[in-house]
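In case you want the letters, here they are:
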Amino acid sequence: MATTVEYLFKERKYPFIFTLMLLLICIVMLLLFTTTSKSTFYFNPFLFYSDSKHTEQPPLNPSGSKHKDQGLPQKDGNVSIEVNIEWKLCKGPLAVDYIPCLDNFEAIKALKSRKHMEHRERHCPNASLHCLLPLPKGYQVPVPWPKSRDMIWYDNVPHPKLVEYKKDQRWVEKYGEYLVFPGGGTQFKGGADHYIEFIEKTLPAIQWGKHIRVVLDVGCGVASFGGYLLDKNVITMSLAPKDEHEAQIQFALERGIPATLSVIGTQKLTFPDNGFDLIHCARCRVHWDADGGKPLYELNRILRPGGLFVWSATPVYRNDDRDKQAWNATMAITKAMCWTVVAKARDPSGHGLVIYQKPTSSSCYEKREENNPPLCENEDGKNSSWYASLNSCLTPLPVDSTGKLQSWPMPWPQRLSSMPPSLPTDSDAGDKFYKDRKHWSKLVSDAYAGGLSVNWSSVRNVMDMNAGYGGFAAALIDLSVWVMNVVPIDVPDTLSVIHDRGLIGMYHDWCESFSTYPRTYDLLHSSFLFKYLEQRCDIVDVVVEIDRILRPYGYLLVQDSMDMLNKLTPILRSLHWSVTLHQNQFLVGRKSFWRPTAFETE
């Protein structure tokens, strides 16, 4: 052979040599390809990300997978990639309803004080959740809306404490396999619907569903106030802490009523400045004059200029010493904040309420004899309420770049599509807003409504994980759904715009757990969020949190790059979700009832 090659060089047979070498290369590559195609490559998400926090997770066991038929293969060149994670079931008596950032008992135990409700605030654990929460025994698909407003399956939220504790106030009652919600409450003996009419009769300017659209109900109980306001085209953020009133927010969300877990303690609520049209408190157990009035200063921050505070509690209509003291202290603080009493009344049962209004002009602040509380100095002009301490000052009224006070939004439903007052006054801001509105209207109409594998008739509670201007929620307005619009803390702040449009939302960091009970949403939507998240946290952790929040048979709808969809798909398949890809940009995952069993986790 060597002699032959030497001869060919001497005879200058270069074309032949080149052809021979090319043939040899092709044979080698064919052999390599054949070997590779016979091998299985397993995608290990715990090792894939450079900032992985899963070094202590159980090792993956590709050869021991019992559900290979569940895996949807990915195409990475000519390599089929699968993931097989050895999921385990969370253990312990509280595992079924576990909320990582609110059930961190080690952190709560170490608190130096609980005087200001510190133990009800967020205390996220250092380690992420590495297991899947079990389902309640007997859990089944929730009762559909609108029937769910009045009754839910007892086995889905098997907490009878409120049934007994509030039996005389008709918050919730148990009938056979159902929990029934008659619409009662501590302050509305005649029912939530009659109480709502009484408020509007007391102050007709309220105009439920026209002038007043976005409401916060503090200490909401089982959220019947917000549930019945839906009949008036009012969207209410029902808010209460996870406390001894067992599962009240879980009841609300199971009913299909907007609600979230939070408390006015030492930190700001995760809502925007000047975001709510009306705030309501019916015996909400908040001491408004506490800590020099900081809880009221917080309400002042999130209430829009001209907005209303409806307070229905014993200090309003009782004259004993304790109630008198609370009333006088509250009146002194509201006067210092330039709030005015615009109505006060009693209903036939003897219960009373007072309605305060926040000023629409800064002139009152300037005329105060004492600058106490002072106006806050917000040098960067940003809304900052994520892990921020309560103010001991008053948030200034919002103005545009020219110094003009922002106006009240248009009446509902015009405000949904009109220019939001809090939109920046940049020359192209309006154009961006209208383009975004048209984009989501077309995308939902052309793709989401019928083109993807989502049964919208089974969807009630929706969360948009990266809400932008709220365009996705606005495009769903004619469906029988409500949307929790989440603005991540590391993207441009658009939450004020969302509230201006007559929608609700809050801030969140998706590298942490969300403050909600397990199994409380029917659909989570993400538009180009994961590509930013994977730079800061492990995508597997985010998927575990999504699995915690989502109800069985609920949907995850993702719009993202094909590269990101290919990363998400095997992780979701390892959870025994069904996954479909559409148009090389959409992923629809549907959660199953599957949970790891003792046999599978041994």
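What you see is a predicted model; the values in this text were computed from it and never measured. Along each chain, the written sequence defines residue order, and numbers are assigned to residues from 1. Per-residue local features of the predicted model are confined to residues with pLDDT of at least 70, and side-chain atom pairs are confined, for both listing and counting, to 80 or more; whole-chain, interface and lining totals are unaffected and use all residues. Hydrogens are left out, water is left out, and the side-chain values use all remaining heavy atoms of the structure.

## Some thoughts on the overall build of the chain
Phase 1 of the analysis: Each helix is a run of DSSP H or I of at least 4 residues and each strand a run of E of at least 2, with the numbering of both proceeding from the N terminus. Check the secondary structure of the chain and you find 19 helices and 20 strands.
Phase 2 of the analysis: Contacts are residue-level and defined by heavy atoms, with any inter-residue pair within 4.5 Å sufficient. Considering only intrachain contacts with a sequence separation of at least 6, the fraction spanning at least 24 residues in the chain is 69%.
Phase 3 of the analysis: Surface accessibility of the chain: about 27800 Å² in total, with carbon and sulfur atoms responsible for 54%. Surface accessibility follows the Shrake-Rupley procedure with a 1.4 Å probe radius. Residue values consider only the protein chains on display as shielding.

## Concerning the sheet that holds strand β17 (residues 521–527)
Phase 1 of the analysis: Should DSSP find at least two bridges between two strands, the strands are taken to pair. In spatial order, the strands read β16-β15-β14-β17-β18-β20-β19; together these seven strands make up an open sheet with mixed pairing. Only two strands of the sheet have a single neighbouring strand rather than two, namely β16 (504–508) and β19 (578–582). Adjacent strand axes in the sheet meet at a mean angle of 20°, parallel and antiparallel pairs treated alike.
Phase 2 of the analysis: Strand direction decides the pairing type here: β19 and strand β20 (residues 586–590), joined by five bridges, are antiparallel. Residue S578 lies in a different strand from β20, and its bridge partner there is R590.
Phase 3 of the analysis: Axis definition: a line fitted to C-alpha atoms, limited for helices to the stretch in contact. Angles are taken between N-to-C directions and run from 0 to 180 degrees. In the packing of helix α18 (residues 562–574) onto the sheet, the strands contacted are β18 (550–559), β19 and β20, and the crossing angle to β19 comes to about 165°.

## Thoughts on the packing of helix α17 (residues 539–549) against α18
Phase 1 of the analysis: In contact at an axis separation of 11 Å, α17 and α18 are set at 50° when each is read in the N-to-C sense. Relative to α18, α17 is oriented oblique. Along this stretch, α17 crosses α18, giving a crossing that reads as right-handed. For the pair α17 and α18, contact is made by I539, V540 and V543 and by L568, I571 and L572, respectively.
Phase 2 of the analysis: Taken together, the residues that form the contact of α17 with α18 break down as six nonpolar, no polar and no charged. Angles below 35 degrees are treated as roughly parallel, those above 145 as roughly antiparallel, those between 65 and 115 as roughly perpendicular, and all remaining angles as oblique. Working rule for handedness: look at the near helix, and if it is turned counterclockwise from the far one by less than a right angle, call the crossing left-handed; if clockwise, right-handed. Ten residue types, Ala, Val, Leu, Ile, Met, Phe, Trp, Tyr, Cys and Pro, are classed as nonpolar, four, Asp, Glu, Lys and Arg, as charged, and the remainder, Gly among them, as polar.

## Let's talk about the nonpolar core
Phase 1 of the analysis: Put simply, a nonpolar core is a bunch of buried Ala, Val, Leu, Ile, Met, Phe, Trp, Tyr and Cys residues held in one set by side-chain atoms that sit within 4.5 Å of each other. Think of it in three bands: residues with accessible area under 20% of the maximum for their type are buried, residues over 50% are exposed, and the middle band is partly exposed, with areas taken using a 1.4 Å probe on protein chains only. Of all hydrophobic cores here, the largest spans 91 residues; its most connected members are L216, W288, F309 and W311.
Phase 2 of the analysis: Apart from residues no more than four positions distant in its own chain, W311 is found in contact with C281, W288, V316, W327, T330, G352, L353, V354 and Y356.
Phase 3 of the analysis: L452, V454, L495 and Y555 belong to the second-largest nonpolar core, a separate cluster that totals 29 residues.

## Looking at the packing of aromatic side chains
Phase 1 of the analysis: Pairing of aromatic rings covers Phe, Tyr and Trp, the last counted by its six-membered ring, and requires centre-to-centre distances within 6.5 Å; plane angles under 30 degrees mean stacked, over 60 mean edge-to-face, and any other angle means tilted. For the coordinates displayed, the defined rule picks out 21 aromatic pairs.
Phase 2 of the analysis: Taking the centre distance of 5.0 Å and the plane angle of 75° together, the rings of Y553 and F593 count as edge-to-face. Residue Y553 is located in strand β18, and its partner F593 is located in the loop between β20 and α19 (598–601); the two are separated by 40 residues in the primary sequence.
Phase 3 of the analysis: Look at Y553 and you get partly exposed, because its relative accessible area is 42%.
Phase 4 of the analysis: An aromatic cluster of at least three residues, connected via ring pairs, comprises W288, F309, W339 and Y356.

## Digging into the pattern of salt bridges
Phase 1 of the analysis: One side-chain nitrogen of Lys or Arg within 4 Å of one carboxyl oxygen of Asp or Glu is enough to make a salt bridge. The tally for this structure, following the rule as stated, stands at 24 salt bridges.
Phase 2 of the analysis: A salt bridge links E298 to R301; its shortest N-O distance comes to 2.7 Å. Taken as a pair, E298 and R301 lie in helix α9 (residues 294–302) at a separation of three residues, close to a single helical turn.
Phase 3 of the analysis: Note that D446 and K442 form a salt bridge whose closest N and O atoms lie 2.8 Å from each other. Of the two residues, D446 and K442 are both situated in helix α13 (residues 429–448); the distance of four residues between them amounts to about one turn of the helix.
Phase 4 of the analysis: What makes K442 exposed here is its relative accessible area of 57%.
Phase 5 of the analysis: Within this structure, D277, R304, R415 and D500 form a network of salt bridges that share partners.

## Concerning the state of the cysteines
Note on terminology: a disulfide is the covalent bond linking the sulfur atoms of two cysteines.
Phase 1 of the analysis: Disulfides are defined as cysteine sulfur pairs within 2.5 Å. Evaluation of the coordinates by the stated rule reveals six disulfides.
Phase 2 of the analysis: Linked covalently through their sulfurs, C90 and C131 form a disulfide whose S-S length is 2.0 Å. Note on the C90 and C131 pair: the S-S dihedral is about 100°, so by sign convention the disulfide is right-handed. Of the two residues, C90 sits in the loop between β3 (79–82) and α4 (105–109) while C131 sits in the loop between α4 and β4 (151–153), which places them 41 residues apart along the sequence.

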